[in-house]
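Spelled out, the chains give:
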Amino acid sequence: MAIYREKDIFERRNAANEAKKALLERFKAKPAADDPVVLARQAERKAILEARAIREAEKARLKQEKMAREAAEKAEREAAAEAARIAAEEAAAAEAKIREAEEAERIAFDLADEAARKAKRDARYAARKARVGRTPPGFSAR
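Predicted model, so just to flag it, every value in this text is computed and none were measured. (Residues numbered from 1 in each chain as written. Predicted model: local features only at pLDDT ≥ 70, side-chain atom pairs only at ≥ 80, totals over all residues. Heavy atoms only, no water.)

Asker: Mind showing me how you'd approach the overall build of the protein here?
Answerer: In terms of regular secondary structure, the protein is built from 2 helices and 0 strands. The C-alpha extent of the protein, read off along each of the three principal axes, is 160 × 50 × 25 Å. Scored against the burial criterion, the 142 residues of the protein give a buried share of 1%. When the accessible surface of the protein is summed, it comes to about 13,300 Å², and 60% of that surface belongs to carbon and sulfur atoms. Across the protein, the 35 positively charged side chains and the 28 negatively charged ones have centroids separated by 6 Å. (Helix = DSSP H or I, 4+ residues; strand = E, 2+ residues; numbered from the N terminus. Buried < 20%, exposed > 50% of the residue type's maximum accessible area, 1.4 Å probe, protein only. Areas by Shrake-Rupley, 256 points an atom, 1.4 Å probe, with all protein chains shown as cover. Lys, Arg positive; Asp, Glu negative; His and termini not counted. Charge placed at Lys NZ, Arg CZ, Asp CG, Glu CD.)

Asker: Whenever I open this one, the UniProt feature "coiled-coil region" (unreviewed entry) in the protein confuses me. Can you help?
Answerer: Listed under "coiled-coil region" (unreviewed entry) in the UniProt record, and renumbered for this structure, are residues 40-104. Counted over residues 40-104, helix gives 100% and strand 0%. Its end C-alpha atoms are 95 Å apart. (UniProt positions renumbered as here; feature names shortened; annotations may be inferred.)

Asker: What is the right way to read a positive patch on the surface from this model?
Answerer: Residues Lys-120, Arg-121, Arg-124, Arg-128 and Arg-131 make up a contiguous surface patch of positive charge. Looking at the secondary structure, you find Arg-121 in helix H2 (residues 36-132). (Patch = residues over 30% accessible without salt bridge, like charges linked within 9 Å, V, L, I, M, F, W, Y side chains within 5 Å. Salt bridge = Lys/Arg side-chain N within 4 Å of Asp/Glu carboxyl O.)

Asker: Would you mind going over the pattern of salt bridges with me for this structure?
Answerer: A side chain with one charge may pair with a side chain of the opposite charge, provided their charged atoms come close. Summed over the entire model, instances satisfying the criterion amount to 9 salt bridges. The partner of Arg-61 in a salt bridge is Glu-58, with the nearest N and O atoms 2.4 Å apart. Remark: Glu-58 and Arg-61 occur in helix H2; sequence separation between them is 3 residues, near one turn of the helix. When its relative accessible area of 34% is taken as the criterion, Glu-58 is described as partly exposed. Among the salt bridges present, the one from Arg-61 reaches Glu-65, with a minimum N-O distance of 2.3 Å. Residue Arg-61 and its partner Glu-65 are located together in helix H2, separated by 4 residues, close to a single helical turn. According to the relative accessible area criterion, Arg-61 is partly exposed, its value standing at 38%. For Glu-65, a relative accessible area of 37% translates into the label partly exposed.

Asker: Help me out: how do you make sense of the environment of Arg-124 in this one?
Answerer: Tracing the backbone shows Arg-124 in helix H2. Residues Arg-124 and Asp-113, 11 residues apart in the sequence, show an inter-C-alpha distance of 16 Å.

Rendered as structure tokens:
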């Protein structure tokens, strides 16, 4: 069984100094900016960034094309709907004119029929008056 013991201040200070030295050594061991490995890594990053920029530009272009296509389709649908609305209005107006003409014709027929009945009635009254030879009460001679 191991017994845990606290590190004293000297051990902690030495451990911190060792960590700082290791960090400094790792920093010093970094390759220089003109090292072929560093240059290759930079070139790879640059190629990745350029490819990303190309993909984003293509994506933006496709989005613009899609928006333009959708706008054209929407305008086409709206134009078709407007044309259908106008055609429906014209059909309704023509139907209303036909109904008006039919109504006027019916009214003219009713008036003519009423005039014919009145003429028949007047003829009957005149014939009866001629037969009887006198004017019925309340009926004035014309």
